[in-house]
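Okay, here's what each chain looks like letter by letter:
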Amino acid sequence: MLLDDKRLVITGVLNDSSIAYSVARLAQQQGAQIVLTGFGRGMRITERIAQRLPEPVDVLELDVTDDSHLERVAGSVGDRWGGLDGVVHAIGFAPDSAIGGGFLQTPWADVATALHVSTYSLAALGRTFAPLLAAGGGGSIVGLDFDAAVAWPAYDWMGVAKAGLESCCRYLARDLGAQGTRVNLVAAGPLRTIAARSIAGFDSYQHVWEKRAPLGWDTGDPEPVARVVCALLSDWTPAITGEVVHADGGVHAMGADVR
């Protein structure tokens with residue numbers, strides 16, 4: 001079993017189309033013990049979705065912008081397991097003004113919110129769970145990304161936040177490497193998640209992938225991405241850290257349409 005007896009904290013399960021939900025389901029099938037986190041109005045939804053997993057799991061409340069929440073969740077996980085083997089960062093949010101157009105008109109307060117929730121939260125999770133990961137032998141932190149090497153239509157400040165996330169991954173990998181903790185991101189192709197549907201012009205992304213993905217791409221199937229996340233959570237990638245692994249059908253590597 002790829003993740004036999006691994007103890008994982010998985011954030012970002014909003015419904016059964018979420019990448020994080022597929023990660024949680026596959027992780028359980030591969031032998032992991034997991035807890036989920038939720039927040040605010042989405043907490044009850046996450047609790048309901050948790051009952052659809054192969055084995056129902058607990059959901060802990062976590063607002064990543066609140067240090068007291070982070071400390072409380074770490075304390076709960078420590079009491080439960082005494083150590084930790086992996087954390088999945090599937091957290092992102094930007095106010096309406098920060099995506100969908102109007103890049104130059106977005107006020108700083110909204111940009112700050114996007115960066116705090118979508119970028120700084122990776123460092124916050126790393127700092128909070130570092131002692132538990134060290135107690136578990138090092139472990140792995142894996143975050144979800146969308147290729148930030150170029151500017152995308154309508155993605156605006158979320159694209160900037162993702163670029164910051166990629167940089168944050170490298171610095172976190174540097175600082176946690178001494179304790180054996182690996183930190184990586186998986187840059188997924190576009191998927192029809194709740195977050196994606198909130199982006200104006202999402203359909204244009206789908207058309208790009210239909211034309212350019214040499215392996216093809218199904219916007220309704222998050223499992224190929226979830227498999228990469230599970231692989232990075234496992235012991236089979238001991239020398240990979242600070243990396244952005246693309247699980248996008250190959251689009252990132254193509255200079256022109258291939259179909």
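Look up: the structure comes first, before these words.
Counting from 1, residues in each chain are numbered in the order their sequence is written. Residue-level local features of this predicted model are given only where pLDDT is at least 70; pairs of side-chain atoms are given and counted only at 80 or more, and the full residue set underlies all totals for whole chains, interfaces and linings. As a rule here, side-chain values cover all heavy atoms of the structure and leave hydrogens and water aside.

Looking at the overall build of the chain
Note the threshold: Helix and strand assignments come from DSSP, with helices taken as H or I runs of at least 4 residues and strands as E runs of at least 2, each series counted from the N terminus. Just to be clear, the radius of gyration here is over C-alpha atoms, and the globule rule we use is 2.2 Å times residues to the power 0.38. Here the term buried applies to any residue with accessible area under 20% of the maximum for its type, exposed to any over 50%, and partly exposed to those in between, with areas from a 1.4 Å probe on protein chains only. Contact between two residues is taken to exist if any of their heavy atoms lie within 4.5 Å; hydrogens are not considered. Here the accessible surface of atoms and residues is derived via Shrake-Rupley with a 1.4 Å probe, and residues count as covered only by protein chains that are part of the display. Positive: Lys, Arg. Negative: Asp, Glu. His and the chain ends are not part of the count. Lys charges are placed at NZ, Arg charges at CZ, Asp charges at CG and Glu charges at CD.
In terms of regular secondary structure, the chain is built from eight helices and seven strands. Its C-alpha atoms give the chain a radius of gyration of 17 Å, near enough to 18 Å, the size a compact globule of 259 residues would have. With respect to the principal axes defined by its C-alpha atoms, the chain has extents near 50 × 40 × 40 Å. For the chain, with 259 residues in total, the buried portion stands at 53%. Considering only contacts in the chain between residues 6 or more positions apart, those separated by 24 or more positions represent 75%. A total accessible area of about 11600 Å² is found for the chain, and carbon and sulfur atoms account for 53% of it. Here the chain contributes 20 positively and 29 negatively charged side chains, and the mean placements of these two sets differ by 2 Å.

Quick look at the nonpolar core
Which entries qualify depends on this criterion: Among buried residues, those of type Ala, Val, Leu, Ile, Met, Phe, Trp, Tyr and Cys that are joined through side-chain atoms within 4.5 Å constitute a nonpolar core.
The biggest cluster of nonpolar side chains holds 50 residues, and the ones touching the most others in it are Ile10, Val23, Ile34, Leu36 and Val225. For this core, the leading source of residues is helix H1 (residues 19-29), giving seven residues. If sequence neighbours within four positions are ignored, Ile34 has contacts with Leu8, Ile10, Ala24, Ala27, Gln28, Leu53, Val57 and Trp81. Listed in part, the 33 residues of the second largest apolar core include Val87, Leu122, Leu172 and Ala187.

Details of the environment of Ala178
Assignment of secondary structure puts Ala178 in the loop between helix H5 (156-176) and strand E6 (182-188). With 68 residues separating them in the primary sequence, Ala178 and His246 have C-alpha atoms 26 Å apart.

A closer look at the packing of helix H3 (residues 67-81) against helix H4 (residues 108-135)
This is how the line gets drawn: To obtain each axis, a line is fitted to C-alpha atoms, and for helices this fit is confined to the stretch in contact; angles are then taken between N-to-C directions over 0 to 180 degrees. Orientation labels follow simple angle bins: below 35 degrees gives roughly parallel, above 145 gives roughly antiparallel, 65 to 115 gives roughly perpendicular, and whatever is left gives oblique. We call a crossing left-handed when the near helix sits turned anticlockwise from the far one by less than a right angle, and right-handed when that turn is clockwise.
Between H3 and H4, the least distance of the axes is 10 Å, while the angle of their chain directions is 25°. As summarised for this structure, H3 and H4 are arranged roughly parallel, according to the angle between their axes. Seen from above, H3 lies across H4 with right-handed handedness. Contacts from Asp67, Leu70, Val73, Ala74, Val77 and Gly78 of H3 reach H4 at Ala124, Leu125, Arg127, Thr128, Phe129 and Leu132.

Thoughts on the side chain of Ser121
Worth spelling out the cut-off: Pairs of N or O atoms are called polar contacts if they sit within 3.5 Å, as long as, within protein, a hydrogen donor faces a hydrogen acceptor (for residues adjacent in sequence, only side-chain-to-side-chain pairs).
Among the structural elements, Ser121 can be located in helix H4. Side-chain polar atoms of Ser121 contact the backbone oxygen of Val117, separated by 2.5 Å. When near neighbours in sequence (up to four residues on either side) are disregarded, Ser121 contacts Val64, His89, Ile91 and His116.

Considering the pattern of salt bridges
Cut-off, in case you're wondering: What makes a salt bridge here is a side-chain nitrogen of Lys or Arg within 4 Å of a carboxyl oxygen of Asp or Glu, nothing more.
In total, this model carries eight salt bridges according to the counting rule given. A salt bridge links Arg7 to Asp85, with the nearest nitrogen and oxygen atoms 2.9 Å apart. Within this pair, whereas Arg7 is found in strand E1 (residues 7-10), its partner Asp85 is found in the loop between H3 and strand E4 (86-89), the two being separated by 78 residues in sequence. A single burial state applies to Arg7 and to Asp85, both of which are buried.

Some words on the packing of H4 against H5
Under the convention used in this document: Gly counts as polar in this scheme, as do all residues outside two lists: the nonpolar Ala, Val, Leu, Ile, Met, Phe, Trp, Tyr, Cys and Pro, and the charged Asp, Glu, Lys and Arg.
Interaxial distance between H4 and H5 falls to 9 Å at its minimum, and their mutual angle equals 20°. Of the possible angle classes, the one that applies to H4 and H5 is roughly parallel. Every pair of crossing elements has a handedness; the one defined by H4 and H5 is right-handed. From H4, Val111, Ala114, Leu115, Ser118, Thr119, Leu122, Ala123, Gly126 and Ala130 reach across to H5, where they touch Trp157, Met158, Ala161, Gly164, Leu165, Cys168, Cys169, Leu172 and Leu176. Broken down by class, the residue content of the contact of H4 with H5 amounts to 14 nonpolar, four polar and no charged.

Focus on the packing of aromatic side chains
Cut-off, in case you're wondering: Only Phe, Tyr and Trp rings are paired, with Trp represented by its six-membered ring, and only when their centres lie within 6.5 Å; those with planes under 30 degrees apart are stacked, over 60 edge-to-face, the remainder tilted. The criterion for a charge sitting over a ring is simple: Lys NZ or Arg CZ within 6 Å of the ring centre, and within 35 degrees of the ring normal.
Evaluation of the coordinates by the stated rule reveals five aromatic pairs. Centroid distance Phe146 to Trp152: 5.3 Å. Interplanar angle 50°. Geometry classified as tilted. An aromatic cluster of at least three residues, connected via ring pairs, comprises Phe146, Trp152, Tyr155 and Trp209. In this structure, Arg80 is placed above the aromatic ring of Trp81, and the distance from its NZ or CZ to the ring centre is 5.9 Å.

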